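# Structural overview
Residue-level listing of the chains:
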Amino acid sequence: MARRVRTRVTLAASVLALVALLAGCGSAGSGAGAGGSSGTSDAPGSGATVTVLYAGSLVNLMEHDVKPGFEAAGADTFQGQGKGSDALVNEIKGKVTRGDVFVSASTATNDKLRGGANGDWESWYATFATAPLVLGYNPKSRFAAQLKSKPWQQVIDQPGFRLGRTDPKLDPKGRLTAQALAKVGLSKLAGSDSGVYPEETLLGRLQAGQLDAGFFYSSEATEAKVPTVSLAPVALAATYTVTVLNRAPQPAAAAAFVKYLLGARGVALLRKHGLRPTDRVRLTGDRSAVPATLRSTVGGS
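Residues numbered from 1 in each chain as written. Predicted model: local features only at pLDDT ≥ 70, side-chain atom pairs only at ≥ 80, totals over all residues. Heavy atoms only, no water.

The name given to the chain in an unreviewed UniProt entry is ABC transporter substrate-binding protein, with the source organism recorded as Actinocatenispora thailandica. For the record of the chain, the UniProt heading Sequence similarities (unreviewed entry) holds the text "Belongs to the bacterial solute-binding protein 1 family. WtpA subfamily." (UniProt positions renumbered as here; feature names shortened; annotations may be inferred.)

### As for the nonpolar core
Counting 64 residues, the largest nonpolar core has Leu-135, Trp-152, Tyr-240 and Phe-257 as its most contacted members. When we break this core down by domain, the ones giving at least three residues each are domain 1 (49-130 + 239-294) and domain 2 (132-230). (Core = buried A, V, L, I, M, F, W, Y, C linked by side-chain atoms within 4.5 Å. Buried < 20%, exposed > 50% of the residue type's maximum accessible area, 1.4 Å probe, protein only. Domains from an automatic or database assignment.)

### Description of unusual backbone geometry
Cis geometry marks the peptide bond from Ala-232 to Pro-233, where omega comes out at 15°. Backbone geometry places Asp-120, a non-glycine residue, at a positive phi of 50°. Checked against the element boundaries, Asp-120 lands in the loop between helix 5 (107-111) and strand 4 (124-137). A relative accessible area of 34% means that Asp-120 is categorised as partly exposed. (Helix = DSSP H or I, 4+ residues; strand = E, 2+ residues; numbered from the N terminus.)

### Some points on the packing of aromatic side chains
Inspection of the entire model under this criterion finds seven aromatic pairs. Residues Tyr-217 and Tyr-240 carry aromatic rings whose centres are separated by 6.1 Å and whose planes lie at 80° to one another, so their mutual orientation is edge-to-face. Of the two residues, Tyr-217 sits in strand 6 (residues 213-217) while Tyr-240 sits in strand 8 (residues 237-244), which places them 23 residues apart along the sequence. Given the relative accessible area of 0%, Tyr-240 is considered buried. (Phe/Tyr/Trp six-rings, centres within 6.5 Å; stacked < 30°, edge-to-face > 60°.)

### Remarks on helix 13 (residues 264-272)
Turn by turn, an α-helix covers 3.6 residues, leaving residues three or four places apart pointing in a common direction. Residues of helix 13 that are buried: Gly-266, Val-267, Leu-269 and Leu-270. Viewed along the axis of helix 13, the buried residues span an arc of 160°, placing them on a single side of the element. Exposed residues lying more than 90 degrees from the buried face of helix 13 are Ala-264, Arg-265, Arg-271 and Lys-272. Where helix 13 is buried, its residues contact helix 3 (59-73), strand 4, helix 12 (251-262) and strand 9 (276-285). Of the residues one or two after helix 13, Gly-274 is the one with positive phi, at around 85°. (Arc of directions from axis to C-beta. Contact = heavy atoms within 4.5 Å.)

### Observations regarding the pairing of strand 6
Within strand 6, five of the five residues are buried, which leaves the element mostly enclosed by the surrounding structure. When strand 4 meets strand 6, the two strands line up antiparallel, connected through five bridges. Across the sheet, residue Leu-135 finds its bridge partner in strand 6, namely Phe-215. In this sheet, strand 6 lies alongside strand 5 (residues 163-164) in parallel orientation, the contact comprising two bridges. Each bridged residue has a counterpart across the sheet, and for Leu-163 the counterpart in strand 6 is Ala-213. (Pairing = 2+ DSSP bridges.)

### Considerations on the side chain of Thr-166
Topologically, Thr-166 is positioned in the loop between strand 5 and helix 8 (172-183). You can call Thr-166 buried: its relative accessible area is 2%. Within the local environment of Thr-166, its side chain forms a polar contact with the side chain of Asp-171, the two groups lying 2.6 Å apart. A polar side-chain atom of Thr-166 sits 2.9 Å from the main-chain amide nitrogen of Gly-174. Other than its neighbours up to four places away in sequence, Thr-166 contacts Asp-171, Lys-173, Gly-174, Val-196, Tyr-197, Pro-198, Glu-199 and Leu-202. (Polar contact = N/O pair within 3.5 Å; in protein donor to acceptor, adjacent residues only side chain to side chain.)

### Describing the packing of helix 3 against helix 13
Contact geometry for helix 3 and helix 13: axes closest at 11 Å, N-to-C directions at 165°. It follows from the interaxial angle that helix 3 and helix 13 lie roughly antiparallel. Here the hand of the crossing between helix 3 and helix 13 comes out right-handed. In contact with Leu-61, Asp-65, Val-66 and Ala-73 of helix 3, helix 13 contributes Arg-265, Leu-269, Leu-270 and Lys-272. (Axes fitted to C-alpha atoms, helices over the stretch in contact; angles between N-to-C directions. Parallel < 35°, antiparallel > 145°, perpendicular 65-115°, else oblique. Left-handed = near helix turned anticlockwise from the far one by under 90°.)

This is the structure we're talking about:
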């Protein structure tokens, strides 16, 4: 009799253990489905992480204002990476970096991602803002007074002047800088490697006193409260564009981000950071490839 009781107890315990095991498996499966396999779900508002690859000149805008604003507006989260636009293109094409949204400082850079020969990473882009190229200087520089009273091209060509700029091979700002130097007769300086630094370190070098002056967009100088002089008679500017990359891991979240950036709240942030929003967003490329949720925003049909 005692043996039969023990057998029934053992059998009941086994059944309970099996039920608990099945329940645990069911819970784990439900969690993965709801989270889209650890955050890979692309349903709008599902809590997806959108990866934004952006021009390094926009780091303060993106990280300090756009990121918290976008995340507060919905359930998706922002993950950004800022570098020279052409450097990002190289990483995208080389499959070193994978992103959902690409924000460039030059339309020519976008063209390097379009078409089969370029991997067909991009079908369209929207132009949304500009920022003039200026010469920012350290107010403690021994050349500061001259920069305020003499033509800039004469001052920077003096012996001992420490001038900073970005690489024209990796950054549209570097290309604009080379054009500006060539236009005022400083082609030799434009073609040298002297004073070339990564975009993400140039401002810090100026502020630390390692440089007398450097070429920046007006928006960067405004954010950092760096004094500037106009490059007149030269007039060059960054042209900012945005697109959802083809084969983006999170296309719906990417579209939501672009809609936020180009919407009223995003435009207000652009102005706050010294950028000049265009009168209207201009679409370039295949209109039919624009996500349906963005067509009214970027002008797609």
